[in-house]
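Chain by chain, the residues run as shown.
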Amino acid sequence: MEYSYLFDLDATITKKEILPALADSIGIGDVMKKMTEKTMMGEIPFAESFSKRVEMLSVIPVSKAREIIAGIPLHEELVSFIKENSDRCYVVTGNLDVWISGLMEKIGISKDHCLCSKARLDENGDKLLGIDKIIDKGRAIAAIPHPFAAVGDGDNDAEMIAAADIGIGFGAVRNVAMSLLNNATHAVYTEEKLCRLLRAIASKVSYPSDADLKKTIVISCAGMGTRLGVGCTKALVSVAGKPLLLRQLELLKDYDDIRIVVGYQYEKVIEMVLGYRKDVTFVFNHNYKNTGTGDSFLKGAAHGRDMVVALDGDLLVHPDDLNTVLECPDECIGGTTPGTDNPVLMSVMIKEDGQEYVTEFSRQRGKYEWTGLMQMKKEHLGLTTGHVYFLLEPRLPMKMIFIRTREIDTMDDYKNAVRWIENGYKD
Ligand SMILES: [Mg+2]
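What comes next concerns the included structure. (Residues numbered from 1 in each chain as written. Predicted model: local features only at pLDDT ≥ 70, side-chain atom pairs only at ≥ 80, totals over all residues. Heavy atoms only, no water.)

## A few points about the packing of aromatic side chains
Then, number 1: Across all of its chains, the model carries 12 aromatic pairs by this definition.
Then, number 2: On the numbers, 5.3 Å between centres and 15° between planes, the contact of Phe 46 with Phe 50 is stacked. Of the two residues, Phe 46 and Phe 50 both sit in helix H3 (residues 46-57), four residues apart, roughly one turn of that helix.
Then, number 3: By relative accessible area, Phe 46 is classed as buried at 17%.
Then, number 4: One aromatic cluster is present, formed by Phe 361, Trp 370, Tyr 389 and Phe 390 through successive ring pairs.
Then, number 5: Over the face of the ring belonging to Trp 420 we find Arg 406, whose NZ or CZ atom lies 4.3 Å from the ring centre. (Phe/Tyr/Trp six-rings, centres within 6.5 Å; stacked < 30°, edge-to-face > 60°. Helix = DSSP H or I, 4+ residues; strand = E, 2+ residues; numbered from the N terminus. Buried < 20%, exposed > 50% of the residue type's maximum accessible area, 1.4 Å probe, protein only. Lys NZ or Arg CZ within 6 Å of the ring centre and 35° of its normal.)

## Some words on the side chain of Asp 157
Then, number 1: You can see Asp 157 is positioned in the loop between strand S5 (148-152) and helix H8 (158-163).
Then, number 2: With a relative accessible area of 0%, Asp 157 lands in the buried category.
Then, number 3: Those residues within four positions of Asp 157 in sequence are excluded, and the remaining contacts are Asp 8, Lys 137, Gly 152 and Leu 180. (Contact = heavy atoms within 4.5 Å.)

## Brief notes about the side chain of Ser 117
Then, number 1: Within the secondary structure, Ser 117 sits in strand S3 (residues 114-121).
Then, number 2: Those residues in contact with Ser 117, other than ones at most four positions away along the chain, are Phe 50, Thr 93, Gly 94, Asn 95, Leu 96, Asp 97, Lys 133, Ile 134 and Ile 135.

## Re the coordination of the magnesium ion
Ideal geometry at a metal gives 109.5 degrees between four tetrahedral donors and either 90 or 180 degrees between six octahedral ones.
Then, number 1: The protein atoms donating to the magnesium ion are Asp 8 (OD), Asp 10 (O) and Asp 153 (OD), with metal-donor distances spanning 2.1 to 2.2 Å.
Then, number 2: Sequence positions of the donors to the magnesium ion reduce to the motif D-x1-D-x142-D. Residue Asp 10 is found in the loop between strand S1 (4-7) and helix H1 (18-24), and its partner Asp 153 is found in the loop between S5 and H8; the two are separated by 143 residues along the sequence.
Then, number 3: Among the residues examined, Asp 10 registers a relative accessible area of 9% and is labelled buried. (Donors = N, O, S within 2.8 Å, 3.2 Å for Na, K, Ca; no water.)

## Points about the nonpolar core
A general trend in soluble globular proteins is that nonpolar side chains are found buried together.
Then, number 1: The biggest cluster of nonpolar side chains holds 64 residues, and the ones touching the most others in it are Ile 219, Leu 245, Ile 260 and Phe 282.
Then, number 2: Ranked by residues supplied to this core, first place goes to helix H12 (residues 266-274) with six residues.
Then, number 3: Looking at which domains feed residues into this core, each of domain 1 (4-200) and domain 2 (211-422) gives three or more.
Then, number 4: Excluding anything up to four places from it in sequence, Phe 282 contacts Thr 185, His 186, Ala 187, Tyr 189, Ile 260, Val 262, Ile 270, Val 273 and Leu 274.
Then, number 5: One finds Met 32, Leu 96, Cys 116 and Val 188 within the second-largest nonpolar core, a separate group that totals 52 residues. (Core = buried A, V, L, I, M, F, W, Y, C linked by side-chain atoms within 4.5 Å. Domains from an automatic or database assignment.)

## What to know about the environment of Leu 9
Then, number 1: Inspection of the secondary structure puts Leu 9 in the loop between S1 and H1.
Then, number 2: Exposure remark for Leu 9: the relative accessible area of 0% places this residue in the buried category.
Then, number 3: For Leu 9 and Asn 95, which are 86 residues apart along the polypeptide, the C-alpha to C-alpha distance reads 8.2 Å.
Then, number 4: Not counting chain neighbours up to four residues away, the residues in contact with Leu 9 comprise Thr 14, Ile 18, Val 91, Val 92, Thr 93, Ile 100, Leu 103 and Met 104.

## Concerning the pattern of salt bridges
Then, number 1: With the rule as written, the count across this model stands at 22 salt bridges.
Then, number 2: For the salt bridge of Glu 250 with Lys 242, the shortest nitrogen-to-oxygen distance reads 3.1 Å.
Then, number 3: Glu 250 sits in the partly exposed class, given a relative accessible area of 27%.
Then, number 4: By relative accessible area, Lys 242 is classed as partly exposed at 29%. (Salt bridge = Lys/Arg side-chain N within 4 Å of Asp/Glu carboxyl O.)

Encoded structure:
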């Protein structure tokens with residue numbers, strides 16, 4: 001089934017909010033900006049705020065407003081996507097039809113694909129008399145057939161995002177409203193990442209790349225990791241001065257398609273990651289309490305590259321060993337010496353090439369412990385909401401790569417891990 005695409009306008013297609021730009025022309029930009037921000041964060045109901053703001057701006061002739069809007073910078077790569085797929089794209093905006101009709105023409109959106117608020121004009125058509133209808137985005141999109149992807153940033157986009165099959169929070173211009181993220185499947189913070197994701201959804205081919213390292217890396221950070229008892233998700237636990245997840249990102253700096261699956265305390269994880277790099281795709285597993293890492297991984301791998309890597313956000317792995325897995329051209333599984341309380345074990349066999357291959361996962365027997373690190377071809381992924389290794393079982397035997405790791409479940413583990421890092425990963 002081909003997707004349709006729904007876009008918010010302000011701060012999604014445009015690089016600036018439209019109403020504050022209009023307000024600047026009559027010297028009330030600051031007031032307008034504050035009201036707009038509060039509205040987008042959900043502090044003032046949209047309809048009430050919009051009426052007030054339009055009233056303040058109604059002194060501006062419509063022709064002048066259209067001229068100002070024509071000068072507002074746009075996310076040009078996104079506009080290209082819209083032009084290329086215009087028969088499947090819709091703009092869903094609170095803005096007034098009379099103000100934005102020229103802009104819609106410019107980006108290739110026809111009248112019946114622009115769902116917006118309607119204004120009343122005087123007989124000359126240049127003076128705004130009032131608002132006929134303020135759009136309710138949630139209702140306006142009811143007629144659009146599924147499946148559809150929706151992109152937005154504000155509180156008034158939350159319903160549209162919740163209704164979408166793929167709901168994307170886009171934070172290139174400003175913070176995305178929490179009400180939206182609570183209903184989103186993805187969040188991206190650069191135009192490039194948004195467009196790559198949209199193109200992967202649209203073409204149903206591999207995630208576009210201009211890098212040599214054509215892998216999608218999915219880091220699972222959705223779970224609560226409560227056993228350590230430090231009050232935050234384990235990926236954020238600082239080990240020797242740096243959160244575990246940040247240590248992983250530093251090792252992955254050359255990879256361009258990193259998906260971080262978030263759930264518990266997602267806002268903290270996103271904030272920490274954005275402080276380091278913005279070009280990460282966040283994928284939500286809001287149901288992290290009832291699903292396993294397999295579910296998180298599959299959500300992250302969707303619309304990814306042909307080879308997908310699974311990595312747990314709380315796994316501390318020797319940098320050299322992580323590289324060995326990442327540089328391996330084949331499907332493979334990372335195993336280590338058994339050491340945790342309740343390990344998933346792996347039996348192996350040696351093949352003609354002298355390599356060990358995993359033949360079985362088991363709680364009872366096996367030479368190595370499963371680490372959560374593996375890479376697999378996307379076309380071989382099945383379905384599970386349980387553990388990641390359930391996805392591997394139908395593909396066994398599969399090459400095993402030994403990796404040195406530290407699992408951090410207890411305070412003793414934690415101290416061990418700190419020592420390991422401080423010793424330069426020497427045992
Ligand atoms: Mg917006």
